[in-house]
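Spelled out, the chains give:
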Amino acid sequence: MQLKDFAMALYHCTLTLHDNVFFATREMGILYETEKYLHNWGLSFALFAIHYIPQPYRLQGELAQKPTYLDASAEQNLLHLNQAGIYVFPAQPINWSYQINTFKAAQVGYYGKSKQFGDKGADKNYPINYGRAKEIAVGSIYRTYIIAPETIKIPHWLRLGKWAAKIKVEAIKIPDKVMHTKSGNYICLHPLNPLDLSSNTQILLYNRIVMPPVSLISQAQLSGDYIATKKQDWQDFKSTLTEQQYQQLPEEIYLPIGVFYGARNVAATA
């Protein structure tokens, strides 16, 4: 069974940061650190929110603060991509660096008594009006994969993170002839979202990437059905590409079959 049997295609995407990307994965005192991996749920909204995921005109009260990633009752959720046959994997850093920026926000009266910066009692105001943001720097390069219909139009640019950073997207469609389906134990070097793995995929060993809204796994040893590149056909295909594209593609690909948003949730409630 191949992806083509479902009129689906596998795309390799290279993401190049044109702005610093920041999201507070960890908050340690006044340091706000960004995890080096890019979560697939955030990437999915950034890539397909306009054409596939409805955008509510306005949210108020509790709805404005409640995550709706897998909430079928909410207008904006990732389940729309399941219906469209689209799945985005987490993004793996290939070449990355960090930049630490110090910020200071002006104090306002309704947060607390106005104090001069550094003065006694200034740290008791809420929220703290200064800190350091550890951001993924401009020029960092990431890799991800998208399973989608062959008619999909992947945007060339997206906005991501707290600062709506600009990211360039370069997609390469991987031909069906260089891929085949296998079953058994294998090692997936690409990061995965465990909540999106099929119930037929068993997780044996993994490294945990702690980040909200749900931790990812990397260097995972799995058991189940998966797609893999045919060694010689894969090399032959890479040789037809430009030098830049050749360098972007990995030596081999192993990815699980049957991934979709909330797959484990569906299995748990079945």
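Residues numbered from 1 in each chain as written. Predicted model: local features only at pLDDT ≥ 70, side-chain atom pairs only at ≥ 80, totals over all residues. Heavy atoms only, no water.

Draft legend 1. Structural context of helix 3 (residues 231-239). Taken as a whole, helix 3 has its buried residues at Trp234, Phe237 and Lys238. Mapping the buried residues of helix 3 onto a view down its axis gives an arc of 100°, with all of them on the same face. Among the exposed residues of helix 3, those oriented more than 90 degrees off its buried face are Gln232 and Ser239. On its buried side, helix 3 packs onto strand 10 (165-174), strand 13 (216-229) and helix 4 (243-248). (Buried < 20%, exposed > 50% of the residue type's maximum accessible area, 1.4 Å probe, protein only. Helix = DSSP H or I, 4+ residues; strand = E, 2+ residues; numbered from the N terminus. Arc of directions from axis to C-beta. Contact = heavy atoms within 4.5 Å.)

Draft legend 2. Quick look at the environment of Met8. Structurally, the position occupied by Met8 is in strand 1 (residues 8-17). Look at Met8 and you get buried, because its relative accessible area is 15%. Note: C-alpha distance between Met8 and Asp176 (168 residues apart in sequence) is 9.5 Å.

Draft legend 3. Examining the layout of surface pockets more closely. Computed from the structure, the largest pocket encloses a volume of approximately 590 Å³. Forming the boundary of the largest pocket are 18 residues, of which Trp41, Gly42, Phe45, Tyr69 and Pro213 lie nearest the centre. The element best represented in the lining of the largest pocket is helix 1 (residues 40-48), accounting for four residues. (1 Å grid on protein atoms, 1.4 Å probe; cavity = no way out; pocket = protein on both sides within 12 Å on 5 of 7 lines; lining within 4 Å. Points joined across faces, edges and corners; volume = space filled by probe spheres on them.)

Draft legend 4. Representation of helix 1 in the model. By the criterion of burial, helix 1 is predominantly enclosed, with seven of the nine residues buried. Along helix 1, the residues that are buried comprise Asn40, Trp41, Leu43, Ser44, Phe45, Leu47 and Phe48.

Draft legend 5. Spatial organisation of the pattern of salt bridges. Under the criterion given, the structure shown has five salt bridges. Residue Arg159 is joined to Asp19 by a salt bridge in which the shortest nitrogen-to-oxygen separation is 3.8 Å. Placement of Arg159 in strand 9 (residues 157-160) and of Asp19 in the loop between strand 1 and strand 2 (26-28) is noted, with a sequence separation of 140 residues between them. Note on Asp19: relative accessible area 30%, which makes it partly exposed. Across the salt bridge formed by Lys238 and Glu251, the nearest N and O atoms sit 3.8 Å from each other. Residue Lys238 is located in helix 3, and its partner Glu251 is located in the loop between helix 4 and strand 14 (254-256); the two are separated by 13 residues in the primary sequence. Each of Arg26, Glu33, Glu35 and Lys134 takes part in a single network of salt bridges with overlapping partners. (Salt bridge = Lys/Arg side-chain N within 4 Å of Asp/Glu carboxyl O.)

Draft legend 6. Just the environment of Tyr11, in detail. Looking at where Tyr11 falls in the secondary structure, it is placed in strand 1. For Tyr11, a relative accessible area of 7% puts it in the buried group. In the structure, Tyr11 is positioned 135 residues away from Ile146 in sequence and 5.1 Å away in space, judged by C-alpha atoms. Sequence-distant contacts of Tyr11, that is, excluding residues within four places in its chain, are made with Thr144, Tyr145, Ile146, Ala148, Pro149, Glu150, Ile152, Ile154, Ile172 and Lys173.

Draft legend 7. Up close: the side chain of Ser223. Of note, Ser223 is situated in strand 13. Ser223 gets classed as buried once you look at its relative accessible area, which sits at 18%. Of the polar contacts made by the side chain of Ser223, one reaches the side chain of Asn185; its length is 3.0 Å. Here Ser223 is in contact with Gly184, Asn185, Tyr186, Asn200, Thr201, Gln202 and Leu204, once residues within four sequence places are set aside. (Polar contact = N/O pair within 3.5 Å; in protein donor to acceptor, adjacent residues only side chain to side chain.)

Draft legend 8. View of the pairing of strand 1. Taken across its ten residues, strand 1 has ten buried, putting it largely inside the fold. Alternating positions in strand 1 separate into two faces, Met8, Leu10, His12, Thr14 and Thr16 on one and Ala9, Tyr11, Cys13, Leu15 and Leu17 on the other, with burial throughout. Bridge analysis of strand 1 against strand 8 (residues 141-149) gives nine bridges, and the strand direction is antiparallel. In the strand pairing of strand 8, Thr16 is matched with Ile141. (Pairing = 2+ DSSP bridges.)

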